[in-house]
Amino acid sequence: MKIKVGVVGATGYTGEEIVKILTRHKNVEITSLSAIIDKPTKFSDLCEECKDTVDIICKELDTLEVIGACELVFLALPHTISMQFAGQFLKAGKKVIDLSADYRIDDKTYKQWYKKEHADKGNIKNAVYGLPELYRKKIKKASLIANPGCYPTATILAVVPAIEALKKNGTIIVDAKSGVSGAGRNSPVVLSFLKGDHDAKAYKISEHQHQPEMIKILSDVANRDVKLMFTPHVIPTLRGILATIYIPIEGNLKEEMIFEKYKEFYKNEPFVRVCDIGKLPSLKNVVNTNFCDIGLKVADKYLVVVSCIDNLLKGAAGQAVQNMNIMCGFEEKEGL
Ligand SMILES: NC(=O)c1ccc[n+]([C@@H]2O[C@H](COP(=O)([O-])OP(=O)(O)OC[C@H]3O[C@@H](n4cnc5c(N)ncnc54)[C@H](OP(=O)(O)O)[C@@H]3O)[C@@H](O)[C@H]2O)c1
């Protein structure tokens with residue numbers, strides 16, 4: 001038995017990744033692909049890697065057509081655009097997995113960080129944050145998934161097992177590096193990278209819109225207000241996030257004890273791998289996979305955790321399909 005699935009924003013970086021995963025998914029039939037597009041075009045003519053494998057036509061988005069064709073819809077759209085469409089699909093009884101930030105935080109915080117009034121406030125409370133390692137039970141019953149951001153995925157997975165050890169009033173420092181695809185296909189940073197400008201730089205220190213998302217989820221897990229400072233960087237690679245996270249810890253916790261805690265926390269998780277003591281993760285082992293690799297070291301009064309993901313997979317499309325698998329009762333690793 002297959003479900004009928006659509007991807008809105010199919011020509012973008014994450015949309016294309018979703019399509020590629022769905023083509024090898026045994027429980028899915030792709031029935032609709034859409035984006036902003038001048039004329040209907042065979043998807044395999046838009047995506048070189050899908051040549052001769054995806055015959056379906058990608059069209060300009062028509063919500064009624066998507067509703068007629070699909071049971072579940074992925075929204076791989078920019079933030080502030082998803083919220084214009086998600087409500088219509090939900091009202092028609094469709095399951096929705098939104099990759100944008102539109103349903104991840106409350107509407108006041110959203111307005112403060114995304115500089116726009118939320119257009120679908122009513123549905124924010126219905127959204128489940130789609131991080132399976134924390135919210136699998138809720139995801140199973142959800143109709144609307146707020147798929148986590150890429151930096152928050154790498155950070156939250158790295159911090160959660162140590163949250164009880166976080167020093168009272170201590171500030172978690174997140175120093176994260178992303179490949180250029182994190183900014184979307186048409187961003188100036190991608191275009192200059194593709195032209196050969198292989199630069200690296202920090203940006204938006206403590207002003208990045210993913211910071212409140214990290215704080216919200218970590219505070220919910222800790223059951224107290226968590227303080228966190230986040231500096232993102234762009235590095236000269238196409239895909240991957242490497243986050244180094246400094247967690248001030250209480251007392252004299254031994255590295256072995258913390259390591260055991262991480263191993264125990266993730267022992268049944270199919271996509272989180274904890275490195276052995278003395279080893280640290282690297283991007284090359286996670287790029288093109290749905291894994292999050294985590295390594296740690298205690299140094300002075302800090303637990304330093306290094307976390308690596310592919311921003312387009314565990315940080316976006318892979319996690320979105322993982323969420324679909326959980327929502328629909330499929331094997332969680334199917335297609336991934
Ligand atoms: N890139 C990442 O690593 C990453 C990670 C996690 C989450 N996300 C989030 O995922 C979402 C998609 O990101 P992305 O990197 O895939 O962006 P992208 O490469 O810029 O793709 C955006 C897609 O949305 C389409 N689109 C834009 N406005 C539209 C509209 N009004 N109606 C129909 N289609 C529209 C675009 O069509 P055209 O190409 O024809 O304009 C394109 O297919 C964003 O919200 C982003 O923040 C991205």
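Residues numbered from 1 in each chain as written. Predicted model: local features only at pLDDT ≥ 70, side-chain atom pairs only at ≥ 80, totals over all residues. Heavy atoms only, no water.

**Q** Is there a simple way to think about the pairing of strand E2 (residues 28–35) in this case?
**A** Most of E2 is tucked away, with six of its eight residues classed as buried. In this structure, strand E1 (residues 3–8) lies alongside E2, joined through six bridges in parallel fashion. Bridge pairing in E2 links Val5 to Ile30. Of the crossover connections in this fold, the one passing from E1 over helix H1 (residues 13–23) to the parallel E2 is right-handed. Two strands pair when backbone bridges link them, and E2 and strand E4 (residues 57–60) are joined in this way by three bridges, in the parallel orientation. Within the sheet, the bridge partner assigned to Ser34 lies in E4 and is Lys59. (Buried < 20%, exposed > 50% of the residue type's maximum accessible area, 1.4 Å probe, protein only. Helix = DSSP H or I, 4+ residues; strand = E, 2+ residues; numbered from the N terminus. Pairing = 2+ DSSP bridges. Right-handed = clockwise from strand over helix to strand, strands pointing away.)

**Q** I would appreciate a short explanation of the packing of helix H8 (residues 150–159) against helix H10 (residues 211–222) in the present structure.
**A** Relative placement of two packed helices is described by the angle separating their axes and the distance separating the axes. Packing of H8 against H10 leaves a shortest axis separation of 10 Å and a crossing angle of 30°. Here H10 runs roughly parallel to H8, going by the angle between their axes. H8 and H10 meet at a crossing whose hand is right-handed. From H8, Tyr151, Pro152, Thr155, Ile156 and Val159 reach across to H10, where they touch Glu213, Met214, Ile217 and Leu218. Split by residue class, the contact of H8 with H10 holds seven nonpolar, one polar and one charged. (Axes fitted to C-alpha atoms, helices over the stretch in contact; angles between N-to-C directions. Parallel < 35°, antiparallel > 145°, perpendicular 65-115°, else oblique. Left-handed = near helix turned anticlockwise from the far one by under 90°. Contact = heavy atoms within 4.5 Å. Nonpolar A, V, L, I, M, F, W, Y, C, P; charged D, E, K, R; others polar.)

**Q** I keep staring at the pattern of salt bridges and nothing clicks. Help me out?
**A** Between side chains of opposite charge, a pair can form when the charged atoms approach closely. Tallied over the full model, the rule gives 20 salt bridges. A salt bridge links Lys59 to Glu65, with the nearest nitrogen and oxygen atoms 2.7 Å apart. Since its relative accessible area comes to 33%, Lys59 is described here as partly exposed. Salt bridges sharing partners connect three or more residues here, namely Glu17, Lys20, Glu49, Arg239 and Asp310. (Salt bridge = Lys/Arg side-chain N within 4 Å of Asp/Glu carboxyl O.)

**Q** Just to check I follow, could you spell out the site of the ligand for this structure?
**A** In the vicinity of the ligand there are 24 residues, among which Thr11, Thr14, Ile36, Leu77 and Asn311 approach most closely. In this structure, Gly12 approaches the ligand through a main-chain N or O atom, which is 3.0 Å from an oxygen atom. Coverage of the ligand by the protein amounts to 82% of the 900 Å² it exposes when considered alone. Split by residue class, the shell around the ligand holds 12 nonpolar, 11 polar and one charged. Each of domain 1 (3–147 + 316–328) and domain 2 (151–309) contributes no fewer than three residues to the shell around the ligand. (Near = heavy atom within 4 Å. Polar contact = N/O pair within 3.5 Å; in protein donor to acceptor, adjacent residues only side chain to side chain. Areas by Shrake-Rupley, 256 points an atom, 1.4 Å probe, with all protein chains shown as cover. Domains from an automatic or database assignment.)

**Q** Teacher, can you tell me more about H10 here?
**A** The terminal C-alpha atoms of H10 lie 16 Å apart, and with 12 residues this matches the ideal 16 Å at 1.5 Å per residue to within 8%. The set of residues buried in H10 consists of Gln211, Pro212, Glu213, Met214, Ile217, Leu218, Ser219 and Ala222. Next to the buried residues of H10 lie helix H5 (107–114), strand E7 (127–129), helix H7 (132–141), H8, strand E9 (171–178) and strand E11 (227–234). At the exit of H10 stands Asn223, carrying a positive phi of roughly 65°. (Expected span 1.5 Å × (residues − 1).)

**Q** So what exactly am I meant to see when it comes to the sheet that holds E2 here?
**A** The strands making up a sheet are joined through hydrogen bonds of the backbone, oriented either antiparallel or parallel. Judged by pairing direction, the sheet is mixed, and its eight strands sit side by side in the order E3-E4-E2-E1-E5-E6-E8-E7 without closing on themselves. The sheet is open, and its two borders are formed by strand E3 (41–42) and E7, each paired with just one other strand. Here strand E5 (residues 72–75) pairs with strand E6 (residues 95–98) via four bridges, running parallel. Directly across from Phe74, in E6, lies its bridge partner Ile97.

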